Amino acid sequence: GEKWERHFGELVIRHRQGKLFTPHQWKRSGAAVAYGLRKMLLLPDLTVWTFPGEHHEIKHKAPTPGGKFGLERYRLDALAEFAKDTIGEVMYTIHDWSRNGDRDNDRNDLADWVTAPVLKLATVIDSEFEGATYRNGSKVDAMICYWRTERFVVLGDYWSQLDLRCHYAASRNRTIV
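The structure reproduced in this document is the subject of the present report. Not measured: the values here are computed from a predicted model.

1. Digging into helix 1 (residues 2–15)
The first and last C-alpha atoms of helix 1 sit 20 Å apart over 14 residues, in line with the 20 Å expected at 1.5 Å per residue. Taken from the residues just after helix 1, Gln17 is the one with a positive phi, measuring 50°.

Written as structure tokens, this is what we have:
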């Protein structure tokens, strides 16, 4: 977790013109949360301080043999609820180690990272079933949602498109919707 969140932070500094980021999970034993009136929301792993804002749930994994990425249902639901409460994009961002062929390779290449908006993923789940996962360091069974890898874009392409949208909005003196 934290190792690849740090690698993601390095990419932010290198490829986002030195934008700032906040890691919400580092040095924590439990989940980071936000509090509101009568509710508590689990936070994504990192926030990149841009306009309109980016929030990323970070994973280091490869697709399943069937070519899909998974995420626990409880986590998807929490991220989707957070996305509805914030103006910024909430993204499920994966360092796909299969792109460099080695799970233990520390190579941190922007081309090996993919991402997709959580709210879109929540509406197009390709399959869902119970499976083994880790929660708070313990192996448990949980419902897991899966998406074909084609639903994800390379992180660098996402950032380029985001920069174009922000540039266009600024040039038109508009708020991005």
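2. What about the nonpolar core?
Of all hydrophobic cores here, the largest spans 20 residues; its most connected members are Tyr92, Val118, Trp147 and Phe152. Elements represented by at least two residues in this core include exactly strand 6 (68–72), helix 2 (73–85), strand 7 (89–96), strand 8 (113–117), helix 3 (118–123) and strand 10 (138–148). In terms of residue count, helix 2 provides more of this core than any other element does, five residues in total. The residues contacting Trp147, other than those within four sequence positions of it, are Gly67, Lys68, Phe69, Gly70, Leu71, Leu76, Tyr92, Leu121, Val124, Ile125, Asp126 and Phe152. Judged by nonpolar contacts, the second largest core, of 16 residues, contains Trp4, Val48, Trp159 and Leu162.

3. Quick word on the environment of Lys139
Of note, Lys139 is situated in strand 10. Taking relative accessible area as the criterion, Lys139 reaches 59% and is therefore assigned exposed.

4. Some words on the sheet that holds strand 10
Ordered by their spatial adjacency, three strands build an open sheet running 6-10-9, and the pairing between neighbours is antiparallel. Whereas interior strands pair on both sides, the edge strands pair on one side only; in this sheet they are strand 6 and strand 9 (127–135). Sheet twist, expressed as the mean angle between neighbouring strand axes with direction ignored, is 45°. Pairing of strand 9 with strand 10, which is carried by nine bridges, proceeds in the antiparallel orientation. Of the residues in strand 10, the one forming a bridge with Gly131 is Ala142.

5. Comments concerning the side chain of Asp96
The topology assignment puts Asp96 in strand 7. The class of Asp96 is buried, set by a relative accessible area of 5%. Each residue touching Asp96, except ones within four places of it in the same chain, is listed here: Lys61, Ala62, Pro63, Phe69 and Asp112.

6. Thoughts on the pattern of salt bridges
A side chain with one charge may pair with a side chain of the opposite charge, provided their charged atoms come close. Applying the stated rule across the entire model yields 12 salt bridges. Residue Arg75 is joined to Glu57 by a salt bridge in which the shortest nitrogen-to-oxygen separation is 2.7 Å. Of this pair, Arg75 sits in helix 2 while Glu57 is found in strand 5 (residues 54–61), placing the two residues 18 residues apart along the sequence. Given a relative accessible area of 7%, Arg75 falls into the buried group. On the accessibility criterion, Glu57 (2% relative accessible area) is buried. The shortest N-O distance in the salt bridge between Glu150 and Arg148 comes to 3.4 Å. According to the relative accessible area criterion, Glu150 is exposed, its value standing at 59%. Since its relative accessible area comes to 36%, Arg148 is described here as partly exposed.

The rules behind the values
The residue numbers shown here count from 1 along each chain, following its written sequence. Totals for whole chains, interfaces and linings use all residues, but because this is a predicted model, local features are given only for residues with pLDDT of at least 70 and pairs of side-chain atoms are given and counted only at 80 or more. Processing note: side-chain calculations cover all non-hydrogen atoms of the structure and skip hydrogens and water entirely. Secondary structure follows DSSP: runs of H or I at least 4 residues long count as helices, runs of E at least 2 residues long count as strands, and numbering of each begins at the N terminus. For a helix, the expected span equals 1.5 Å multiplied by the number of residues minus one. What is meant by a nonpolar core is a set of buried Ala, Val, Leu, Ile, Met, Phe, Trp, Tyr and Cys residues, joined one to another through side-chain atoms within 4.5 Å. Three labels apply to residues, based on accessible area from a 1.4 Å probe with only protein chains included: buried if under 20% of the type maximum, exposed if over 50%, partly exposed otherwise in between. Residues count as neighbours in contact if any of their non-hydrogen atoms are within 4.5 Å of one another. Paired strands, as defined in this entry, are two strands with at least two bridges between them according to DSSP. Between N-to-C directions, angles cover 0 to 180 degrees, with each direction set by a line fitted to C-alpha atoms, over the stretch in contact for helices. Salt bridges are defined by distance alone: a side-chain nitrogen of Lys or Arg within 4 Å of a carboxyl oxygen of Asp or Glu.

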